[in-house]
Amino acid sequence: MNENRQAKAAQGEIAANESSASETGGGEALVRVALAGRSYDVLVGPGLAPRAAALIDKRLGPARCAIVTDANVAATHLAGVAAGLEAMGRLAGSKILVPGESGKSFAVLAELCESLLAMQLERGDLVLALGGGVIGDLAGFAASILRRGIRYVQLPTTLLAQVDSSVGGKTAINASHGKNLLGTFHQPSLVLADIDLLATLPPRQFRAGYVEAAKYAMLADAAYFDWLEANRTSLFRQEPAALSEAIAIAVAGKAAIVARDETETGERMLLNLGHTFGHALEAWAGYSDKLLHGEAVAIGITLAFELSHELGFSDAMSVERVRSHLASAGLPTHIKQIPGNDWPDADTLLRLMAQDKKVRAGQLTLILARGIGKAFATRDVGAATVRDFLERRIG
Ligand SMILES: NC(=O)c1ccc[n+]([C@@H]2O[C@H](COP(=O)([O-])OP(=O)(O)OC[C@H]3O[C@@H](n4cnc5c(N)ncnc54)[C@H](O)[C@@H]3O)[C@@H](O)[C@H]2O)c1
């Protein structure tokens with residue numbers, strides 16, 4: 001990590017008083033998520049998965065591990081991780097789930113918990129989440145309720161999971177009423193973000209994951225946004241140095257926010273930039289491949305900046321930089337870029353937005369921005385204003 005960016009990443013740490021981003025001897029970046037008794041390390045770099053068993057053993061002590069993964073990830077990455085655990089006598093078993101958002105259900109959670117119990121995981125043992133955000137959310141949820149809570153380690157395999165979902169301890173499944181409405185806060189004990197695993201990720205998934213890194217820049221770190229603009233080509237070529245740096249900065253930023261507001265009573269809400277609109281769009285699309293989570297968030301972030309500009313908070317230049325950066329990464333920025341030729345109307349989106357977890361006393365909490373890197377939460381924008389804005393955006 002170059003000196004400027006390392007210093008920038010560490011700023012979050014200084015503000016949080018504890019989190020840090022630095023290089024370890026092994027060439028990977030180390031980010032500390034500082035949560036008193038629940039603190040943990042995030043390692044970011046190449047070559048971590050083959051060493052997972054040894055890294056876990058060294059940091060968390062001897063424990064049996066149950067690997068939770070999905071069929072896509074299992075095809076390329078399970079054998080190596082399982083062999084490492086097996087060689088050290090630590091493998092309790094592997095559970096391979098069906099890939100996709102539909103897996104975040106009560107039925108799959110129940111099946112997973114039964115399988116983990118059948119592996120006779122004890123209180124001191126570990127769940128190892130090997131997969132994207134879906135597997136991380138599910139495995140974390142299962143770990144949080146198994147025998148009233150056991151430890152888990154995240155080995156994220158998508159860019160989205162490496163920059164965002166593997167850190168911060170939010171676990172969830174979806175309900176018929178909306179996304180992530182059932183879940184717990186349960187921090188992992190260690191996160192190993194191995195950038196080598198991203199080589200097998202389909203390009204569309206890589207782009208969708210990139211949104212969460214750009215989101216962090218757009219909400220809290222204008223210098224990081226400049227850096228992303230300058231390094232987009234290297235990042236999308238998956239050049240190791242650029243990729244590790246981008247992930248470590250986003251993780252350090254998120255870690256600092258989580259350290260200040262673990263259970264999202266204030267500042268952590270800012271990480272939902274673009275998500276209130278985005279979740280409504282995902283729900284409308286039926287959580288299908290028609291619109292990936294990151295794609296929905298890309299449209300949602302653009303809407304949030306456009307609304308911020310309309311309400312006089314953000315300058316037009318910031319809106320344009322956000323829109324053109326996302327578009328140049330091949331991401332949708334407008335509802336009408338969702339494939340097909342029918343789109344949700346404003347009332348449908350508003351109804352779906354009302355299920356947002358940030359709704360208080362029926363009033364939407366919106367994350368808006370006073371420019372790049374200057375997001376804020378507000379309850380002062382009425383439903384009629386949002387409806388009118390959406391109607392004009394879709395119309
Ligand atoms: N807990 C949090 O803080 C948090 C934050 C953001 C998002 N999320 C959740 O994360 C989920 C989205 O995560 P995601 O985008 O990682 O989706 P995902 O887990 O469904 O993975 C996307 C697809 O890529 C495949 N895949 C994963 N790793 C691969 C690899 N290395 N090579 C080839 N294929 C691979 C998966 O099988 C899947 O088909 C959503 O459910 C969202 O709600 C959670």
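Figured I'd write up the structure that's included with this text. Every value quoted in this text rests on a predicted model; they were computed, and no experiment measured them. (Residues numbered from 1 in each chain as written. Predicted model: local features only at pLDDT ≥ 70, side-chain atom pairs only at ≥ 80, totals over all residues. Heavy atoms only, no water.)

Some details on helix α4 (residues 106–118)
Convention followed: Segments assigned H or I by DSSP are reported as helices when at least four residues long, segments assigned E as strands when at least two residues long, and all are numbered from the N terminus. The length a helix should cover is 1.5 Å for every residue beyond the first. Each residue's exposure class comes from its accessible area (1.4 Å probe, protein chains only) as a fraction of the maximum for that residue type: buried when under 20%, exposed when over 50%, partly exposed otherwise. It is the directions from the helix axis to the C-beta atoms that the arc portrays.
In a regular helix each residue adds 1.5 Å, so 13 residues correspond to 18 Å; α4 covers 18 Å between its end C-alpha atoms and thus fits that length. Regarding α4, the residues found buried are Val 108, Leu 109, Leu 112, Cys 113, Ser 115 and Leu 116. The buried residues of α4 all sit within an arc of 160 degrees when viewed along its axis, so they share a single face. Exposed positions of α4 whose direction lies more than 90 degrees from the buried face are Phe 106, Ala 107, Glu 114 and Ala 118. Gln 120 occupies a position one or two residues after α4 and carries a positive phi of about 60 degrees.

Quick look at the packing of helix α8 (residues 222–236) against helix α9 (residues 240–260)
Packed helices, taken two at a time, are described by their axes: the angle between them and the distance between them. Here is the rule we go by: With axes taken as lines fitted to C-alpha atoms, and helix axes fitted only over the stretch in contact, angles between N-to-C directions fall between 0 and 180 degrees. Comment on the angle field: the value is read as roughly parallel under 35 degrees, roughly antiparallel over 145, roughly perpendicular from 65 to 115, and oblique elsewhere. Definitions for this section: a left-handed crossing has its near helix turned counterclockwise from the far helix by less than a right angle. A right-handed crossing has that turn clockwise. Contacts are assigned to residue pairs with any non-hydrogen atoms lying within 4.5 Å of each other. Gly is put with the polar residues, along with every residue not named as nonpolar or charged; the nonpolar set is Ala, Val, Leu, Ile, Met, Phe, Trp, Tyr, Cys and Pro, and the charged set is Asp, Glu, Lys and Arg.
Two elements in contact, α8 and α9, have axes whose closest approach is 10 Å; the angle formed by their N-to-C orientations is 150 degrees. Regarding the angle of α8 to α9, the classification is roughly antiparallel. Crossing handedness for the pair α8 and α9: left-handed. In this structure, α8 uses Tyr 224, Trp 227, Leu 228, Ser 234 and Leu 235 to contact α9, whose residues at the interface are Ala 242, Leu 243, Glu 245, Ala 246, Ile 249 and Ala 250. Taken together, the residues of the contact of α8 with α9 sort by class into nine nonpolar, one polar and one charged.

Quick word on the packing of aromatic side chains
Selection rule: Classification of ring pairs rests on two measures: the distance between centres of Phe, Tyr or Trp rings, Trp counted by its six-membered ring, which must be within 6.5 Å, and the angle between planes, read as stacked under 30 degrees, edge-to-face over 60 and tilted in between.
On inspection of all chains with the given rule, the structure shows six aromatic pairs. Aromatic side chains Phe 206 and Phe 236 sit 5.3 Å apart centroid to centroid with 75 degrees between the ring planes, which places their arrangement in the edge-to-face category. Note that Phe 206 is positioned in helix α7 (residues 203–220) and Phe 236 in helix α8, a separation of 30 residues in sequence. Phe 206 sits in the buried class, given a relative accessible area of 3%. Given a relative accessible area of 27%, Phe 236 falls into the partly exposed group. Judged by centre distance (4.9 Å) and plane angle (65 degrees), the rings of Tyr 210 and Phe 236 are edge-to-face. On the criterion of sequence distance, the pair formed by Tyr 210 in helix α7 and Phe 236 in helix α8 is long-range, its members being 26 residues apart. Among the residues examined, Tyr 210 registers a relative accessible area of 3% and is labelled buried. Among the aromatic residues, those joined into a ring-pair cluster are Phe 206, Tyr 210 and Phe 236.

A few points about empty space enclosed by the protein
Where we set the bar: Residues are said to line a cavity or pocket when one of their atoms sits within 4 Å of a point; the points come from a 1 Å grid over protein atoms alone, cavities being sets where a 1.4 Å probe fits but cannot get out and pockets being open sets with protein on both sides within 12 Å along at least five of seven lines. Grid points are joined across faces, edges and corners, and a volume is the space filled by probe spheres set on the points.
Under the counting rule described, the total for this entry stands at three cavities of 30 Å³ or more. Quantified by volume, the largest cavity comes out at close to 50 Å³. If you trace the largest cavity, you find it lined by Leu 159, Val 163, Phe 206, Tyr 210, Ala 213, Leu 235, Leu 243, Ala 246 and Ile 247. If you list the elements that add at least two residues to the lining of the largest cavity, you get α6 (159–165), α7 and α9. Residues that form the lining of the largest cavity fall into these classes: nine nonpolar, no polar and no charged.

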